[in-house]
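Structure at a glance
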Amino acid sequence: MARLTMAAACIALLITVGVAGIQSQRQPAGTAHTGNAFRFNKVADGVYHAIGTGTLTVVGNSSVIVNDDDVIVVDDHVSPAAAWVLINEIKSITNKPVRTVINTHFHYDHAHGNQIFDKDVSIIGHEFTREMLLGGKSLQMPLYKGYVTQLPGQIENLKQRIAMESDPSRKAMLQAQLQVAENNAASQAELKPTPPNVTLRTNMTLYRGDREIQLRFLGRAHTAGDVVVFLPKERIVITGDMLTSALSNMSDAFVNEWVTTLEELKKLDFATVLPGHGEAFTDRAKIDYFQAYLRDVWTEVSRLKQQGVSAEEAAKRADLTKHKEHFPTINSPGVPLIAVTRIYELLNSKR
Ligand SMILES: [Zn+2]
């Protein structure tokens, strides 16, 4: 009987070890949170779009593909803590093990959870994604530096507001926000960028039972190594930040090539887009709206540069307000300086 119990315990242990693909890793700092950190929106049988609820800092979305025997996670958020909690909460939808992670691109809000996975988990990304995550290159990018340097100020600001707040319910809300920010800072302190251990240059297809999972590099866009994940049978495409409902940041984008890459995306037969930020959508016209914006921001900023206007001044003057209907965050002339700086850089390198 004792032996049987022991055997059952061993089996249970094996199952637990198999569940997540992270069991040999130490639990990262900053995972504490209240309630669920993710909503798993079911898009098709076994396909979920995971969106943060705000009780933990996760920043980007992930997608979860549950197959016959295993789970594939696309993108793993902003920190080891966020990825750890994602993997734990995936247990609420399946007890199958996460054996594969796909990075749509190297940016901090999509690939900084990579370090929590055991070595036998395949982390797949474009060759460029590997290059950027190797040797801490991604940490030198203005986008990440900007993000991480504002964290202490954000915490300080919340502390000051808590000290000044007299309304108990607002104070409690601010205290919850402070907890979320402090947990994120604690996890960022443990960050060790971890590159994909499997790379692709153009295409790769994974077969899981009767599910086909295509990884496609369609050209440079949001970064030099964006990969989309296309499920032809389910007619779903997971786009990272190459296509979202909003204006993706352009800090290291190929603004002038992005339109052509999106044209390649249009050739795929999909009905649903799972973007790296925001909710899933079905309106393919969003691709046209974004292409129109990209063409115009390139033309407008190029025109200002040709007139000898500084990047700072061009960031104030570039007028894209005619795109306000499809991108409501545009409410006056002006384009983020990080985008203008990047367009100037691209224009200079063309000479
Ligand atoms: Zn992102």
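About the thresholds
- Throughout, a residue's number is its position along its own chain's written sequence, starting from 1.
- Only residues with pLDDT of 70 or above have their local features reported here, since the model is predicted, and side-chain atom pairs are shown and tallied only from 80 upward, although totals for entire chains, interfaces and linings are computed over all residues.
- To obtain the side-chain values, all non-hydrogen atoms of the structure were included, while hydrogens and water were left out.
- The helix count covers DSSP runs of H or I at least four residues long, the strand count covers runs of E at least two residues long, and both are numbered beginning at the N terminus.
- Here the globule rule is a power law, 2.2 Å times the number of residues to the power 0.38, and the radius of gyration is based on C-alpha atoms.
- Whether two residues are in contact is decided by their heavy atoms: any pair within 4.5 Å suffices.
- Asp and Glu count as negative and Lys and Arg as positive, but His and the ends of the chain are not part of the count.
- All charge positions are set by atom: Lys at NZ, Arg at CZ, Asp at CG, Glu at CD.
- Note on donors: an N, O or S atom is included if it sits within 2.8 Å of the metal, or within 3.2 Å for Na, K and Ca, and water is never included, so sites can look incomplete.
- Tetrahedral means four donors with every angle between 85 and 135 degrees, whereas square planar (four donors) and octahedral (six donors) require angles over 155 degrees between opposite donors and between 65 and 115 for all others; sites fitting neither are termed irregular.
- Strand pairing is defined by DSSP finding a minimum of two bridges between the two strands.
- For helices, the fitted axis covers only the stretch in contact; all axes are lines through C-alpha atoms, and the angles between them, taken along N-to-C directions, range from 0 to 180 degrees.
- Expected span of a helix: the number of residues minus one, times 1.5 Å.
- Exposure is judged per residue with a 1.4 Å probe applied to protein chains only, and the accessible area is read against the type maximum: over 50% gives exposed, under 20% gives buried, and values in between give partly exposed.
- By salt bridge we mean one thing: a side-chain nitrogen of Lys or Arg within 4 Å of a carboxyl oxygen of Asp or Glu.
- Put simply, buried Ala, Val, Leu, Ile, Met, Phe, Trp, Tyr and Cys residues joined by side-chain atoms within 4.5 Å make one nonpolar core.

**Structural notes on the overall build of the chain**
The helix and strand inventory of the chain stands at 11 helices and 12 strands. Taken against the 2.2 N^0.38 rule, which gives 20 Å for 351 residues, the C-alpha radius of gyration of the chain at 22 Å falls within 12% of a compact globule. With the principal axes as the frame, the chain shows a C-alpha extent of 85 × 55 × 35 Å. Restricting the contact set of the chain to residue pairs at least 6 apart, pairs at least 24 apart contribute 65%. The positive charge centre, built from 37 side chains, and the negative charge centre, built from 37, are 2 Å apart in the chain.

**Examining the coordination of the zinc ion**
Coordination of the zinc ion by the protein is provided by Asp109 (OD), His110 (NE2), Asp241 (OD) and His277 (NE2), with metal-donor distances spanning 2.0 to 2.1 Å. Geometry at the zinc ion is irregular, judged from the four donor atoms that bind it and their angles of 86 to 164 degrees at the metal.

**Digging into the sheet that holds strand β6 (residues 122-126)**
Sheet strands pair by backbone hydrogen bonding; their relative direction is either parallel or antiparallel. Read across the sheet, seven strands follow the order β1-β2-β3-β4-β5-β6-β7 without closing on themselves; strand pairing throughout is mixed. Sheet topology places β1 (38-44) and β7 (198-200) at the edges, where each strand pairs with a single neighbour. Direction aside, neighbouring strands of the sheet carry axes that sit 20 degrees apart on average. Where strand β5 (residues 98-102) meets β6, three bridges bridge the pair, whose relative direction is parallel. By the bridge assignment, Val101 is partnered in β6 with Ile123. Relative to the sheet, helix α2 (residues 80-90) contacts β1, β2 (47-52), β3 (62-66), β4 (71-74) and β5, its axis offset from that of β1 by approximately 55 degrees.

**So, helix α7 (residues 168-188)**
With 21 residues, α7 extends 30 Å between its outermost C-alpha atoms, agreeing within 8% with the 30 Å of an ideal straight helix rising 1.5 Å per residue. For α7, the full list of buried residues reads Leu174, Leu178, Val180, Ala181, Asn183, Asn184, Ser187 and Gln188. On its buried face, α7 sits against α2, α5 (142-149) and α6 (151-164).

**A look at the pattern of salt bridges**
Inspection of every chain in the model, using the stated rule, returns 20 salt bridges. Between Glu190 and Arg26 there is a salt bridge; the shortest N-O distance is 3.4 Å. Taken together, the residues span a long stretch of sequence, with Glu190 in the loop between α7 and β7 and Arg26 in the loop between α1 (2-20) and β1 at a distance of 164 residues. For Arg26, a relative accessible area of 61% gives the class exposed. A salt bridge links Glu264 to Lys267; the nearest nitrogen and oxygen atoms lie 2.8 Å apart. Through salt bridges with shared partners, a single ionic network connects Glu263, Lys266 and Asp288.

**Brief notes about the environment of Ile213**
On the secondary structure map, Ile213 appears in strand β9 (residues 211-216). Residues Ile213 and Tyr147, 66 residues apart in the sequence, show an inter-C-alpha distance of 32 Å. Excluding residues that lie within four positions of it along the chain, Ile213 makes contacts with Ile65, Asn67, Ile72, Met204, Thr205, Leu206, Arg208, Val229, Phe230 and Leu231.

**Details of the nonpolar core**
Grouped together as the largest cluster of nonpolar side chains are 43 residues, with contacts concentrated most on Met250, Val255, Trp258, Leu262, Leu265 and Tyr293. Contributing elements (two or more residues each) for this core: β10 (228-231), α8 (255-266), α9 (285-306), α10 (311-317) and α11 (337-350). For this core, the element with the highest residue contribution is α9, accounting for eight residues. Residues in contact with Leu265, not counting those within four places in the same chain, are Leu218, Val228, Val237, Thr239, Met242, Leu243, Phe270 and Ile287. In this structure, Ala50, Trp84, Ile87 and Tyr144 belong to the second largest nonpolar core, which totals 32 residues.

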